[in-house]
Amino acid sequence: MSSLKTCGPPLWRSLEECVDDASLAQWLRGQPPLMSEVLSLDRRAFLQLMGASLALAGLSACGHPPQDQLVPYVHAPLGQVDGLPRFFATTLQREGYARGVLVENHMGRPTKIEGNPLHPASLGATDIFAQAAVLQLWDPDRSQGVTHRGATSTWNAFAAVVAQGAQIHARDGGAGLRILTGPITSPTLSAQLDGVLEKYPHATWHVHETLGNANARAGTRLALGMALATRLRLERTRTILSLDADFLSDAAAGVRYARDYAATRAPEGAGVPSRLYVVESTPSVTGGMADHHLALESDGIGQFARLLARRLGINVEVSGTENVRQRRWLDALVAELTSERGASLILVGAGQPPWVHGLGHLLNDALGNVGQTLEYTVPVERNAEPSASVADLVTAMRAGKVGELWILDCNPCYDAPAELRFATALEQVPQVVHLGLYRDETGMRAGWHLPLAHVLEAWSDARAYDGTASVSQPLIAPLYDGHTPAEVLALLREVPNPQARALVREQWQQQLPDESSWHTALQQGVIGQTAFPARTAAVSSAFLRDFMPADPPSATLELLFRADPTIGDGTWANNAWLQELPKPLTQLTWDNVALVSPALAAQEQLANGDVIELQLAQRLLQAPVWVMPGQATRSITLHLGYGRRQAGHVGDGRGVDAYQLRSLAHPWSESNLRIRRTGARAELAGTQHHFGIEGRDLLRVGTWEQFRREPHFATAVDVFPGKPPSLYPEQPPGEYAWGMSIDLNACIGCKACTIACQSENNIPVVGKEQVQRGREMHWIRVDRYYEGDAAEPRVYSQPVPCMMCEHAPCEVVCPVGATVHDAEGLNVQVYNRCVGTRFCSNNCPYKVRRFNFLQYTDDTSEPLKAQRNPEVTVRRRGVMEKCTYCIQRIEAAHIEADRQNRRIGDGEVLTACQAVCPTQAIRFGDTADVRSEVAKAKASSRHYVMLGELNTRPRTGYLARLRNPNPLLEEDS
């Protein structure tokens, strides 16, 4: 894109800041502008938007604690006050994989989720989906009862129908019975499924995966000759090459992998930080952390892997040639990977075809990585037979071979490939049973719809990425008489009145034979000695002859399908927290878009918000455009999960349904895409220009070599080193001096801190129209910056909470003393004093204060009180609010320390953002204690404060971001 600067502002936030031509700048901006104060606000539409996850109205009554005895967490997590236990260990699942968590329970009401330090997949941290599970629990749009052909029914009526059907299935061995589930790692559910298939040997179980690892599993079978799972040991790596693999956002182990990866990047360690190379078609969280990034079309990544394999001595056919830039990359990679044998790692993304995954196994084996940075284990997921796919089920339905279909916790009428026309085929099945959290697109078409118990209401179990098993115990009785899949399958086995707890207990009776061992497993949140051991496997190259395509990559446009960063495959579409969370990299909310490269946008004269028509064969879809720096030139990316029709009040009708273009043969990428401008425009709600602090030095970035030569490079740019004189009076020291340090070298920009803060502090959702006006309420934002050329920029993330200035500009302008300084350095907000002048916001140089323009929060609804944290004030309309360093947690620790006549210990108080962070980028504590972690961080030579030249003396500081570039590629990056 010739009109874009290759060296403009050192750091820029959008393409508008990186243009050299006035006409191009106007073209990129498009009309009308993003923020418009003349947007009309229809009150009825606004209140409808708030109807479900936002207002949480309509729930008839709050739930009560489950009748089963619960076991509290065995060790109080950091930040928990001793006394009556408030935290219970349980297990959440994402795409079937277990994530151990601790759930805070206020008088029988789950209100907040933290990570379980003892669980291998979380190590005490969580992600945005775990945080949002609390809001999902209290969502009144959830299915609230059994229905039969649209009419209200009962579980007893359903059980009677199942008993009659069981007699028929017993006679024919279940020949017409089919069961459809998502991926399964639960030993209990797997055992119930085995029992059904044993009882009815002619029945068939099918698995529906929208975001699964089918390509990875097939590639493993090609290279290893057997089905094995791959387990990464990132803490042992020195060099990582990612081929379209976003491992920092991995559904099964992303939290754990982010922690392990960050540990190899600590510049204060004894050795040199690890180095990450990323080759990908669409920018990702992992790509944002790369030392070197290469934008390459998805169909060209396999070619790149072939060229690398050939240079490393693997006998592989290569078609096509390498360009100059790829040649430099390959030269650098071969030299480094060869020198780091046994300490390197090559990863292949789920969207790549099986032969590329097989080639990845060959490369790791040739580099001596197997058994070092990569291990093989038996599969964690329970997989159906290869012939039992959703396509096979549709074929059987159309042939009239399915008399009864049980669909358990999946939604194929929405997310199955459009060409299957699953909903049409479903009409030919006489008896359809759907178990789901919502009466969704599939539930609306089922004869019987059954409410699913939420994971926080249910007894269950699941395995983590490494095989470690853990038990889910309910934190509250089911709000809507929901049941688990294991209980429903037990009805098919003719188990009278099945109970989930009894089924789980029976499953683990041999390993946990007595009540003592059972209680220990519940207390700790993990079942000991259940991780799968590593296995050896011989890697073969025989598949190269038969499964590698001979043709070079296509020169046409390609369409890529990816899970949405905040709502996944659509499961979370009705969660307002996640809908309004700005997506990493794009900073968009409430919509999905077609991501296009700057070069393609210039060629087709496309601007942000322009609507284009996407055509693959006879499939058509219209979607708005977003020009994405770092996108591969010929690649257009469309995120899944939007275009829902029966998601609920929050999720219905938002965005476009990418599943309408997704095919069975090419679920992740497809070539021969054609696009056409429609002339229409869509209004998008992005936050990338909100709260901008123009022309200031906010983010400090350097290289490892620069840090080694000049350790104080980050503070060398300060105009006034040390503490210059001030017109403000010095604040008298208090008993504690609370402060925070954020390590930008560890922050991956996942936004988990933003959603955790929202959950902890009762922060309301404002809706798409208000976001367009710049009125989002998040107390901690994560700014995204680019550096370099728009075609291949470097990406940086910076969380920005309140800076807690010792000389706070907001305090001196408040006419009513609503914002004041306390003795321990906190800038506190007295809500009942605030009259809404907004002088404090105008005078804040960091733009971290938020104002309640409208009554975003329903303060009269009883169900809403069940979801909120009772330790945090619920704000009314017309007041200013902001980050408080989670003062409620500080005060709780104060009370307990005073009761025991001692000081608060280091690490005893964790803020919500600190607790959730998977990479431990945030440290908080008493800065006056030189032994505290936060004091050690602030003593680092990388430490600086934002806008230090203003002499506001913030208590929140940053550690500069460091890159570790390869000298052979530095000019290329």
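From a predicted model like this one, the values you see are computed outputs, not experimental measurements.

Within the element layout of this structure, Gln798 appears in strand 30 (residues 794-800). On the basis of relative accessibility, which here comes to 0%, the residue Gln798 falls in the buried class. Among residues more than four places away in sequence, those in contact with Gln798 are Leu698, Leu699, Leu744, Arg781, Val782, Asp783, Tyr785, Tyr944, Met946 and Tyr958. Within the local environment of Gln798, its side chain forms a polar contact with the side chain of Tyr944, the two groups lying 3.5 Å apart.

Once that is clear, we can look at the environment of Arg149. Mapping Arg149 onto the fold places it in the loop between strand 4 (147-148) and strand 5 (151-152). Classification of Arg149 by relative accessible area gives exposed; the value is 69%. For the pair Arg149 and His449, spaced 300 residues apart in sequence, the C-alpha separation works out to 8.2 Å.

Here we come to the pattern of salt bridges. Using the criterion set out here, one finds 42 salt bridges in the structure. As a salt-bridge pair, Arg562 and Asp244 come within 3.1 Å of each other at their nearest N and O atoms. Highlighted residues: Arg562 in strand 19 (residues 557-562) and Asp244 in the loop between strand 9 (239-243) and helix 7 (254-263), separated in sequence by 318 residues. The residues Arg562 and Asp244 share a single accessibility class, namely buried. The partner of Arg265 in a salt bridge is Asp291, and the shortest N-O contact between them spans 2.7 Å. On the criterion of sequence distance, the pair formed by Arg265 in the loop between helix 7 and strand 10 (275-280) and Asp291 in the loop between helix 8 (285-288) and strand 11 (292-295) is long-range, its members being 26 residues apart. Neither Arg265 nor Asp291 differs from the other in exposure class; each is buried. Overlapping salt bridges bring together Arg231, Arg233, Glu235, Arg236 and Glu375 as one network.

Moving on: unusual backbone geometry. Within the chain, Glu494 stands out as a residue other than glycine whose phi angle is a positive 65°. Mapped onto the elements of the fold, Glu494 is located in the loop between helix 15 (485-492) and helix 16 (500-507).

About the thresholds
- Residues numbered from 1 in each chain as written.
- Predicted model: local features only at pLDDT ≥ 70, side-chain atom pairs only at ≥ 80, totals over all residues.
- Heavy atoms only, no water.
- Helix = DSSP H or I, 4+ residues; strand = E, 2+ residues; numbered from the N terminus.
- Buried < 20%, exposed > 50% of the residue type's maximum accessible area, 1.4 Å probe, protein only.
- Contact = heavy atoms within 4.5 Å.
- Polar contact = N/O pair within 3.5 Å; in protein donor to acceptor, adjacent residues only side chain to side chain.
- Salt bridge = Lys/Arg side-chain N within 4 Å of Asp/Glu carboxyl O.

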